[in-house]
Amino acid sequence: EPSGATTAVTGSSSAALPPGVVLGKDGKPCRTCSSGSAFKAFAKSSLKPSNNNTTTTTKAATAGAAVAATGAAATLTIPRDCPPDVEQLGRSTWTLLHSIAATYPTTPSAREQADLQTFMSTFSRLYPCWVCADDFQGYMAREKMPVGSRDAFGQWLCEAHNAVNVKLGKQTFDCSKWQERWRTGWKD
Ligand code: FAD
């Protein structure tokens, strides 16, 4: 469940939602802001024949839940090529961001530094999990992002990722090893 979910879950249908389902700013369940299991629980509950919340059912379909109903008993299948949940999206995004750090020049040109600055500030506004994006923008406002070298940016990014790890109750990563993880491979 994304941090900030409690405050994010607002709107008329929130009372009917399972814990961990985060609404988007449009008031519909936001798949890229919710964990897969929470979203699945939501989609299942919205399929129950006794559930007369037709608005919520419509919202589930709109939000991209992959559902298959057989008679009165509804079954739910989420294919591999379904839209990502908050975790899949996060893993893929960290892979992209750390890989950008890994291939960023050791001595970037002024143009490359400006590009990185523009990319990261645009990224922080467009990230598809809006509660994550809000927090990340806050982090960027507090912790000035260095763009003067690969190592400076890579370290900053590692610490930014650790801040999310802490928020989610995960172990932190040893940032002295970020290049082994994302650029050179592990030392034997
Ligand atoms: P991930 O955290 O995705 O990490 C992938 C891999 O990166 C790990 O397996 C590890 O090898 C390596 N790694 C871990 N930590 C570091 C580090 N500090 N530096 C370098 N490498 C590292 N989810 C939420 O629920 N709430 C949020 O508010 C939220 N905010 C996010 C903000 C951003 C900008 C991004 C990109 C993602 C956010 N996520 C958020 C998603 C979350 O960070 C995870 O990606 C998701 O929970 C899946 O976690 P994971 O355990 O698979 O590994």
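See the structure printed just above.
What this report covers is the structure whose coordinates are included nearby. Not measured: the values here are computed from a predicted model. (Residues numbered from 1 in each chain as written. Predicted model: local features only at pLDDT ≥ 70, side-chain atom pairs only at ≥ 80, totals over all residues. Heavy atoms only, no water.)

1. What about the overall build of the chain?
The helix and strand tally for the chain stands at 8 helices and 2 strands. Walking the chain from its N terminus toward its C terminus, one meets helices and strands in the order α-α-α-β-β-α-α-α-α-α. Expressed as a percentage of the 188 residues in the chain, the buried residues total 39%. Element-wise, carbon and sulfur atoms account for 54% of the exposed surface of the chain, whose accessible area totals about 10600 Å². (Helix = DSSP H or I, 4+ residues; strand = E, 2+ residues; numbered from the N terminus. Buried < 20%, exposed > 50% of the residue type's maximum accessible area, 1.4 Å probe, protein only. Areas by Shrake-Rupley, 256 points an atom, 1.4 Å probe, with all protein chains shown as cover.)

2. Some words on the site of the ligand
Near the ligand lie 24 residues; those nearest to it are Arg91, His161, Lys167, Lys170 and Arg181. The contact in question runs from an oxygen atom of the ligand to an N or O atom on the side chain of lysine 167, over 2.7 Å. Tryptophan 182 places a polar side-chain atom, nitrogen or oxygen, 2.9 Å from a nitrogen atom of the ligand. Taking 960 Å² as the accessible area of the ligand by itself, protein coverage stands at 86%. (Near = heavy atom within 4 Å. Polar contact = N/O pair within 3.5 Å; in protein donor to acceptor, adjacent residues only side chain to side chain.)

3. Let's talk about the packing of helix 4 (residues 86-103) against helix 7 (residues 150-167)
When two helices pack together, their arrangement is given by the angle between the helix axes and the distance between those axes. Running from amino to carboxyl end, helix 4 crosses helix 7 at an angle of 160°, the nearest separation of the two axes being 8 Å. Classed by the angle they form, the pair helix 4 and helix 7 counts as roughly antiparallel. Where helix 4 crosses over helix 7, the two elements pack in a sense that is left-handed. On the side of helix 4, the interface is formed by Trp94, Leu97, His98, Ala101 and Ala102, while helix 7 contributes Arg150, Phe153, Gly154, Leu157, Cys158, Ala160, His161 and Val164. Taken together, the residues that form the contact of helix 4 with helix 7 break down as 9 nonpolar, 3 polar and 1 charged. (Axes fitted to C-alpha atoms, helices over the stretch in contact; angles between N-to-C directions. Parallel < 35°, antiparallel > 145°, perpendicular 65-115°, else oblique. Left-handed = near helix turned anticlockwise from the far one by under 90°. Contact = heavy atoms within 4.5 Å. Nonpolar A, V, L, I, M, F, W, Y, C, P; charged D, E, K, R; others polar.)

4. Details of the state of the cysteines
Summed over the entire model, instances satisfying the criterion amount to 3 disulfides. Residue cysteine 30 pairs covalently with cysteine 33 via a disulfide, S to S 2.2 Å. Torsion about the S-S bond of the cysteine 30 and cysteine 33 cystine: about 60°, corresponding to right-handed handedness. Here cysteine 158 connects covalently by a disulfide to cysteine 175, the sulfurs 2.1 Å from one another. The sign of the S-S torsion, about -90°, decides the handedness of the disulfide formed by cysteine 158 and cysteine 175: left-handed. One end of the pair, cysteine 158, is in helix 7; the other, cysteine 175, is in the loop between helix 7 and helix 8 (178-184), and 17 residues separate them in sequence. Cysteine pairing in the chain follows 1-2, 3-4, 5-6, where each cysteine in a disulfide is numbered by its order in the sequence. The closest cysteine sulfur to the non-disulfide-bonded cysteine 82 is located on cysteine 30, 14 Å from its own sulfur. For cysteine 82, a relative accessible area of 15% puts it in the buried group. (Disulfide = S-S within 2.5 Å.)

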